[in-house]
Amino acid sequence: MSDPRRALWRALDVLWLAVLAVYVLAGVGDVPFHGDESSLIAMSRDYYHLVQKRDIEPMLYDPTPADPMDQELRLINGTVGKMAMGFAWDMAGLTVADLNEPWLWGADWEFNARTGHVPGERLLRAARLSSAALAVLSVAAVFAIAWIAGGRPAAWAAALIYATDPVVLLNGRRAMMEGAHLAFSTLAVLAAVWVVREQARSNWRGRRLAAGYAALGALAGLAVASKHPAILAAGLAFAAVTVQPLVARAGRAKQMDWHGHGLRVVGAGLLMVVVFLFLNPAWWSDPLHMPRRVLDMRRPLLDQQVAGYGGYERLGERLEGLARQAFGVEPQYYEAPGWDEWIAGEIAQYERSILAGRAGGWGWSVLLAALTLVGTAALARRGYLGLSVLGWAAGTALVLFVVTPLAWQRYYLPLHPPLAVVAGCGVGALGMGMRRWRREGRHDPDCAR
């Protein structure tokens, strides 16, 4: 017979996640518009070709494409989000004829609206719901990672911190790649953390462990197919499970199946590649040379962004930008100068609602930084499991510090899930410390006087 108290707590866990999910989804209609939403929605035309027409030919790479911009967008962007958008507008009763064209960044709002580059209201809402639903999955993943790392109080706190993060809400709700990126990156890390916990229990073999590695490979493939920078989270997840036996205590390391461990890691890696390629038909004709082509397309884009909007010139600026994006909670609604003229009303309305996330200000920044420090100390005492979570946060921060050339908030978004987990573990550690203090106080004769 099940324990009624345990069943009640599990029901409360589900209710808590449901409340947070409703909060994330409720703000879909109010979030200010971004031109990249037009481009991603236009890319969901691939859903029409692949699913409705079952015609793969337009997806394949062509050295001399009829529409170079269409092919470039297909190569440099993720595929999971746009397919989810296609499914969403299909379920909403819309057709490919309702799709808009990609945003023209060299033109103003009026020209884009007049020439069919702005999505209709029903189309935009359907596409945003698909992204926000995936962002909800990332809330559940953050909850589960914090649960494994720090227990129920840490999980509740981490999920709350994450689901009320204005930056996560803004980007996760928009019809862009960020919802899918957040979802499958955090789920891949969750699979890795689960594997680490199993291996820490001296469970070096068995079907459960094999299933964990399979989940890691599949979810990592989905993450990288969602947005290419997710290779960072996937790489850190693989590093955590791969290195663990090398730092395990000698007695436990002797018990493990080294040959099986190597096969599981390699198998999961191959599965990641297979899933990624399956979701990227444009790579099929020449998969070995496609990464170089994508990088060659990405580099000029970054150079244009730095030239147009200004990049970091000194290491101090990079460090300041990283700290601001990690603990500052002010959302960046737009990057291009002049956009505030077009969406100022939307921003004002959104910020007046309770759906924009927690309030900004230095108070929240200092509190989050303090909770992160407490969580870091607590996780450092949890052995390899805690160090794996800290490695996720620290590795993400380090790579973003090195490779991010300008202060665009979306580029720092991968840092928000691990920081929410660490801060949540900080809340859990403080709660445990207070309970211990009260318990010791009740049994201390001096305190009873």
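Just so you know, these numbers come straight off a predicted model, no measurement behind them.

## Things to note about the packing of helix 5 (residues 80-91) against helix 7 (residues 121-150)
- In contact at an axis separation of 8 Å, helix 5 and helix 7 are set at 130° when each is read in the N-to-C sense. Overall, the two elements helix 5 and helix 7 adopt an arrangement that is oblique. By crossing handedness, the relation of helix 5 to helix 7 is classed as right-handed. On helix 7, the residues touching Ala-84, Met-85, Ala-88 and Trp-89 of helix 5 are Leu-123, Ala-126, Ala-127, Ser-130 and Leu-134.
- Considering only residue class, the contact of helix 5 with helix 7 consists of eight nonpolar, one polar and no charged.

## Notes on the packing of aromatic side chains
- Scanning the entire structure with this criterion turns up 17 aromatic pairs.
- Centre to centre, the rings of Trp-16 and Trp-156 are 4.9 Å apart; their planes meet at 10°, and the pair counts as stacked. You can see Trp-16 sitting in helix 1 (residues 4-26) and its partner Trp-156 sitting in helix 8 (residues 152-163), a full 140 residues away along the chain.
- You can call Trp-156 partly exposed: its relative accessible area is 23%.
- Relative to Trp-147, the ring of Phe-143 has its centre 5.8 Å away and its plane inclined at 45°; by these criteria the two rings are tilted.

## Let's talk about helix 1
- Across its 23 residues, helix 1 extends 32 Å between first and last C-alpha, which sits within 8% of the 33 Å expected from 1.5 Å per residue.
- Packed against the buried residues of helix 1 are helix 7, helix 8 and helix 9 (166-173).
- The N-cap residue of helix 1 is Asp-3: its side-chain oxygen and the backbone nitrogen of Arg-5 are 3.1 Å apart.

## Comments concerning the pattern of salt bridges
- Applying the stated criterion across every chain, the model contains 16 salt bridges.
- Ionic pairing is found between Arg-45 and Glu-101, a salt bridge with its closest N-O pair at 3.8 Å. Separated by 56 residues along the polypeptide, Arg-45 in helix 3 (residues 45-52) and Glu-101 in the loop between helix 5 and helix 6 (109-114) bring together distant segments of the chain.
- Arg-45 gets classed as partly exposed once you look at its relative accessible area, which sits at 24%.
- Ionic contacts of the salt-bridge type, sharing partners, join the residues Asp-46, Asp-70, Arg-74 and Lys-82 into one network.

About the criteria used
Residue positions are given per chain, counted from 1 along the sequence in the order it is written. At least 70 in pLDDT is required for a residue's local features to be given in this predicted model, at least 80 for side-chain atom pairs to be given and counted, and no such filter applies to totals for whole chains, interfaces and linings, which use all residues. To obtain the side-chain values, all non-hydrogen atoms of the structure were used and water was disregarded. Axis lines are fitted to C-alpha atoms, over the contacting stretch for helices. Their N-to-C directions set the angle, which ranges from 0 to 180 degrees. Only runs of H or I of at least four residues qualify as helices and only runs of E of at least two qualify as strands under DSSP, and these elements are numbered from the N terminus. In these notes the angle categories are as follows: under 35 degrees is roughly parallel, over 145 is roughly antiparallel, 65 to 115 is roughly perpendicular, and the rest is oblique. Crossing handedness is read from the near helix: turned anticlockwise from the far helix by less than a right angle, it gives a left-handed crossing, and turned clockwise, a right-handed one. Between two residues, a contact is recorded if the distance between any of their heavy atoms is within 4.5 Å. When residue character is reported, Ala, Val, Leu, Ile, Met, Phe, Trp, Tyr, Cys and Pro are called nonpolar, Asp, Glu, Lys and Arg charged, and the others, Gly included, polar. Paired rings are identified among Phe, Tyr and Trp, the last through its six-membered ring, by centres lying within 6.5 Å, and are further divided according to the angle between planes into stacked (under 30 degrees), edge-to-face (over 60) and tilted (the rest). Exposure classes here rest on a 1.4 Å probe applied to the protein chains alone. A residue is buried below 20% of its type maximum, exposed above 50%, and partly exposed in between. A helix is expected to reach a length of 1.5 Å times the quantity of its residues less one. Counting of polar contacts relies on pairs of N or O atoms within 3.5 Å, with two restrictions inside protein: one atom must be capable of donating a hydrogen and the other of accepting it, and residues adjacent in sequence are counted only when both atoms are side-chain atoms. A carboxyl oxygen of Asp or Glu within 4 Å of a side-chain nitrogen of Lys or Arg is what we treat as a salt bridge.

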